[in-house]
Amino acid sequence: MRTISYMQAVAEALILEMRRDSDIYIAGEDVGKFGGSFGVTGPVYKEFGASRVLDTPISETAIIGTAVGAAAAGLRPVVEILFIDFLPIAGDELFNQAAKIHYMFGGQVSCPMVVRTAIGAGIGAAAHHSQSLEALVCHIPGLKTIAPSTPADAKGLLIAAIRDDNPVVFLEHKLLYASKSEVPEGDYVIPIGVADIKREGADVTLICYSAMVRQCLAAAEALAGEGISAEVLDLRTLIPLDKEAILASVAKTGRAVIVHEACLTGGFGGEIAAVIADRGFASLKGPIKRVAGPDTPVPFSPALESEFIVNADKIAAAVKTLF
Amino acid sequence: MGTAEQLGKTELLDLYRCMVRIRSFEEHAHKAFLKGGMPGFLHLCSGEEAIAAGVMAILGDDDYIVTSHRGHGHLLARGGDPNRMFAELYGRVDGYCGGKGGSMHIADMSHGMLGANGIVGAAVNIGTGAAFASKYRGDKRVSVAFFGDGSTNRGTFHEALNLAAIWELPVVYILENNGYGVANPQSDHTKLKDLADRAAAYGFPGVVVDGNDVLAVREVAAEAVDRARGGGGPTLIEAKTWRHWGHFIGDSAKYRDPAEHAAWLKRDPIPAFAAVLVKGGATTQAELDDIQTAAEAEMDAAIEYGRQSPFPDKSELTKDVYVGGGA
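Residues numbered from 1 in each chain as written. Chains lettered and ligands numbered in written order. Predicted model: local features only at pLDDT ≥ 70, side-chain atom pairs only at ≥ 80, totals over all residues.

Colleague: Describe the overall build of chain A, listing the residues and the values that go with them.
Modeller: Scanning chain A for helices and strands turns up 12 helices and 14 strands. A compact globule built from 323 residues would reach a C-alpha radius of gyration of about 20 Å, and chain A, at 19 Å, matches this within 12%. Dimensions of chain A, computed from C-alpha atoms along their principal axes, come out at roughly 60 × 45 × 40 Å. The buried share of chain A, taken over its 323 residues, is 58%. Here the contacts in chain A between residues at least 6 apart in sequence split such that 79% fall between residues at least 24 apart. (Helix = DSSP H or I, 4+ residues; strand = E, 2+ residues; numbered from the N terminus. Rg over C-alpha atoms; globule rule 2.2 N^0.38 Å. Buried ≥ 20, exposed ≤ 12 C-beta atoms within 10 Å, placed from the backbone. Contact = placed C-beta atoms within 7 Å.)

Structure (structure tokens):
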């Protein structure tokens, strides 16, 4: 199998779907001529041009708000919000409109759209270009949230997201864009809502998604050297949440450590912990641990930013408190 | 007053009937709300009927409309079924949204009505998006977004109109200026006298029209819709009007000058149009009275239909959160 980058995998998914369905269009800031600020949509623009890859002004509410109207009228928009930090600007359009029109209009109208957006710290972009705001999105019924960690998952899940008849927020961690792995060619779909065990283990389950999967795999490797066998469960999709996969893994290992880059308080890890406490309590051999970002904005200075970001050492340290 | 000459009697009476039906719908809703049993908020468009009637008269069956919290008149004028509308206002199963939307969230896809909306100005972006869909497909549909003066102070108004301008979208923005954003008078929320002037900032026409003159509204709407359909891009139409009641039922609107209110009531669009029709010889008062009587009877029956429709089953609570269920 050929090896491509996460960024190429995203572009490939977009291109394949746009060839298949002429109702799909892309809109966003500099997604066209400029090729996308991270370079993701450049190849897509090259193939489909300005009629299907539309540059917009810096107008987040119009990007998502017009996508809602276009989707209600039958198109399948795939729009880009450059950084998730800008997503709250279009809070009404995403949270009040896209998420709700199917329900509040009694099922008459659907809103098949994808919002792609970049999350995460690690490039010195500071407080307004580095957040992981997935918990805000996950709190709103009507939205689906996907956060793939590998190029193959990014391709398969983006295709699934585009084919889904609901609004889907697709989170791409900016540190993953250059990462490479084997990705199946052609039509490749991963069902939304299915977690994936990225490393099998017997003693503890590391529950994670997006860029933290790599950190968890590194932690698991380090822990193996110390006689602790860690299972790495990549959620891939946050909403709908694969609760059965979480419970099955925790039932096997008896220990749960939840890892995310987002701030601890109100983070999605709390929801995962609640699921385990509620339905998997009997299998627990120790407390559920959360390893998450501190409750601070993301700082600029490299010395502080690296302290903000969860890493394999912090994960391994949390795991060891359970033994 | 716009001119009646170029329209036939059927068209003129259709405009009149449309306004009278809206007024009757609103009055029925008003009474029922005060009596109790109709939940939530109720934002009536009494006094603003000429805008809905005038605009809808020139739209094609395939065109889209999107509206606001004050949207009963738009849906009725678009051909909405008052039975299903009242059922929705009562939160009943036969309502347009099965009772899940209520007055502020009625949608009717069978009439290209992409929803009323509880967020001020949300229709501006959604209507722009529907217009994009039409341009993208080349299907020649036009989208009309209805919203109030208060919406024009939101950033979303700017973003949507600017995008519609640069993408040359087939959209008509109908700004129903009733002088108040809830209780906030226009003079307090903008320095502009005519909000249509805002269109100049986007490089497309802004037109002021007497929103209580159904023929004048029809005329400017026809021009704007033709322009949009022909690829000429958006138009902003400011229809100056007055709501007969407060922002919602329960708001006594004491913030309005009683003299100004009284003056506007004298400019009620329905009797004004009746006078034009009768004086111009297009019809007789008796014929107009018959229209009135028929509308009252229709709404009597419709509100009863709504009131007697069953409440949704409790299992409906969790349905239609997602297409295909789940999550």
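Colleague: Let's hear about the overall build of chain B: which residues, and what values?
Modeller: Regarding its fold elements, chain B presents 11 helices and seven strands. Expected size for 327 residues packed as a compact globule is a radius of gyration near 20 Å; at 19 Å, chain B falls within 12% of this value. The dimensions of chain B, computed from C-alpha atoms along their principal axes, are 55 × 50 × 40 Å. Across the 327 residues in chain B, those meeting the buried criterion constitute 55%.

Colleague: An account of the sheet that holds strand 3 (residues 171-177) of chain B is requested, with residue identities and associated values reported.
Modeller: Residues and elements named next belong to chain B. One open sheet accounts for five strands, arranged 1-2-3-7-6; its pairing is parallel. Of all the strands in the sheet, just strand 1 (64-66) and strand 6 (206-210) have a single pairing partner and so form its edges. Neighbouring strand axes in the sheet, compared pairwise and without regard to direction, differ in orientation by 20° on average. (Pairing = 2+ DSSP bridges. Axes fitted to C-alpha atoms, helices over the stretch in contact; angles between N-to-C directions.)

Colleague: So, unusual backbone geometry: which residues are in play, and what are the values?
Modeller: All names here are of chain A. Note the cis peptide between I239 and P240, where omega equals -5°. Tracing the sequence through the fold places P240 in the loop between strand 12 (237-239) and helix 9 (243-253). Look at A126: it is not a glycine, yet its phi comes out positive at around 65°. On the secondary structure map, A126 appears in the loop between strand 5 (114-119) and helix 6 (134-138). When the 16 C-beta atoms within 10 Å are taken as the criterion, A126 is described as partly exposed.

Colleague: Outline the domain arrangement of chain A, supporting the account with residue identities and numerical values.
Modeller: All names here are of chain A. As far as domains go, chain A holds domain 1 (3-182) and domain 2 (196-320). Computed over C-alpha atoms, the centres of domain 1 and domain 2 are 26 Å apart. Each side of the interface is counted separately: domain 1 has 26 residues, and domain 2 has 25 residues. Put simply, the parts of the chain that give the side of domain 1 that touches domain 2 at least two residues each are helix 6, strand 6 (144-146), helix 7 (151-163) and strand 7 (168-173). (Domains from an automatic or database assignment.)

Colleague: Which residues make up the packing of helix 1 (residues 6-20) of chain A against helix 7 of chain A, and what values do they have?
Modeller: Residues and elements named next belong to chain A. Following both chains from N to C, one finds helix 1 and helix 7 inclined at 30°, their axes separated by 8 Å at the closest point. The orientation of helix 1 relative to helix 7 falls into the category roughly parallel. Where helix 1 crosses over helix 7, the handedness of that crossing is right-handed. On helix 7, the residues that touch Y6, A9, V10, E12, A13, L16 and E17 of helix 1 are P151, A152, A154, K155, L158, I159 and I162. Residue composition of the contact of helix 1 with helix 7, grouped by class: 11 nonpolar, no polar and three charged. (Parallel < 35°, antiparallel > 145°, perpendicular 65-115°, else oblique. Left-handed = near helix turned anticlockwise from the far one by under 90°. Nonpolar A, V, L, I, M, F, W, Y, C, P; charged D, E, K, R; others polar.)

Colleague: Which residues make up the pairing of strand 10 (residues 204-208) of chain A, and what are the values?
Modeller: All names here are of chain A. Taken across its five residues, strand 10 has five buried, putting it largely inside the fold. Residues V204, L206 and C208 point to one face of strand 10 and T205 and I207 to the other, with burial holding for every one of them. In this sheet, strand 11 (residues 230-234) lies alongside strand 10 in parallel orientation, the contact comprising five bridges. Paired with L206 across the two strands is V232, which belongs to strand 11.

Colleague: An account of the environment of G120 of chain A is requested, with residue identities and associated values reported.
Modeller: Residue and element names in this part refer to chain A. Following the sequence through the fold, G120 ends up in the loop between strand 5 and helix 6. With 27 C-beta atoms packed within 10 Å, G120 lands in the buried category. With 189 residues separating them in the primary sequence, G120 and I309 have C-alpha atoms 9.0 Å apart. Discounting residues that sit within four places of it in the chain, G120 has contacts with S130, S132, H173, K174, L175, A211 and E261.

Colleague: How would you explain the pairing of strand 13 (residues 256-263) of chain A if you had to name every residue and give the values?
Modeller: Residues and elements named next belong to chain A. For strand 13, a buried count of eight out of eight residues is recorded, marking the element as mostly surrounded by other parts of the structure. Direction of pairing for strand 10 relative to strand 13: parallel, over a ladder of three bridges. By the bridge assignment for strand 13, I207 is matched with I258. In terms of strand pairing, strand 13 meets strand 14 (residues 289-293) through four bridges, oriented parallel. Following the sheet pairing, I258 is matched in strand 14 by R290. Handedness of the crossover joining strand 13 and strand 14 through helix 10 (residues 268-279): right-handed. (Right-handed = clockwise from strand over helix to strand, strands pointing away.)

Colleague: So, the sheet that holds strand 9 (residues 196-199) of chain A: which residues are in play, and what are the values?
Modeller: All names here are of chain A. With mixed pairing, five strands are arranged side by side in an open sheet as 9-11-10-13-14. Each having just a single partner strand, strand 9 and strand 14 make up the two edges of the open sheet. Here the strands of the sheet are splayed against their neighbours by 25° on average, with no regard to which way each runs. Note: strand 9 against strand 11, three bridges, orientation antiparallel. Residue pairing for strand 11: I197 is matched across the bridge by L233.

Colleague: Any chance you could break down the packing of helix 2 (residues 49-56) of chain B against helix 8 (residues 214-229) of chain B for me, citing the residues and the numbers?
Modeller: All names here are of chain B. Interaxial distance between helix 2 and helix 8 falls to 8 Å at its minimum, and their mutual angle equals 40°. The orientation of helix 2 relative to helix 8 falls into the category oblique. Pair helix 2 / helix 8 crosses with right-handed handedness. Packed against helix 2, whose contacting residues are A50, I51, A53, G54 and V55, the element helix 8 presents V214, V217, R218 and A221 at the interface. Residue composition of the contact of helix 2 with helix 8, grouped by class: seven nonpolar, one polar and one charged.

Colleague: An account of the interface of chain B and chain A is requested, with residue identities and associated values reported.
Modeller: Contact with chain B, which involves 35 residues of that partner, is made by 37 residues of chain A. Those elements giving two or more residues to the side of chain B that touches chain A turn out to be helix 5 (122-137) and helix 6 (155-166) of chain B. Across the side of chain B that touches chain A, the residue classes tally to 19 nonpolar, 13 polar and three charged.

Colleague: Residue-level account of the nonpolar core, with values.
Modeller: If you look at the biggest cluster of nonpolar residues, it comprises 203 residues, and the most contacted ones within it are L206, C216 and V259 of chain A together with M19, V172, I174 and I237 of chain B. Looking at which domains feed residues into this core, each of domain 1 (3-182) and domain 2 (196-320) of chain A supplies at least three. Non-local contacts of C216 of chain A, meaning those with residues more than four positions away in its chain, are made with L206, C208, V232, V259 and I315 of chain A. (Core = buried A, V, L, I, M, F, W, Y, C linked by C-beta atoms within 7 Å.)

Colleague: Could you give an account of the confidence of the model for chain B, with specific residues and numbers?
Modeller: This prediction gives chain B a mean pLDDT of 96; 98% of its residues lie at or above 70. On the interface metric, ipTM, the complex scores 0.96, and its pTM is 0.97. (pLDDT = per-residue confidence, 0-100.)

Colleague: Explain helix 8 (residues 212-224) of chain A to me, using residue names and the numbers behind them.
Modeller: The first and last C-alpha atoms of helix 8 of chain A sit 18 Å apart over 13 residues, in line with the 18 Å expected at 1.5 Å per residue. Those residues of helix 8 of chain A hidden inside the fold are in contact with strand 9, strand 10, strand 11, strand 13 and helix 12 (312-320) of chain A. (Expected span 1.5 Å × (residues − 1).)

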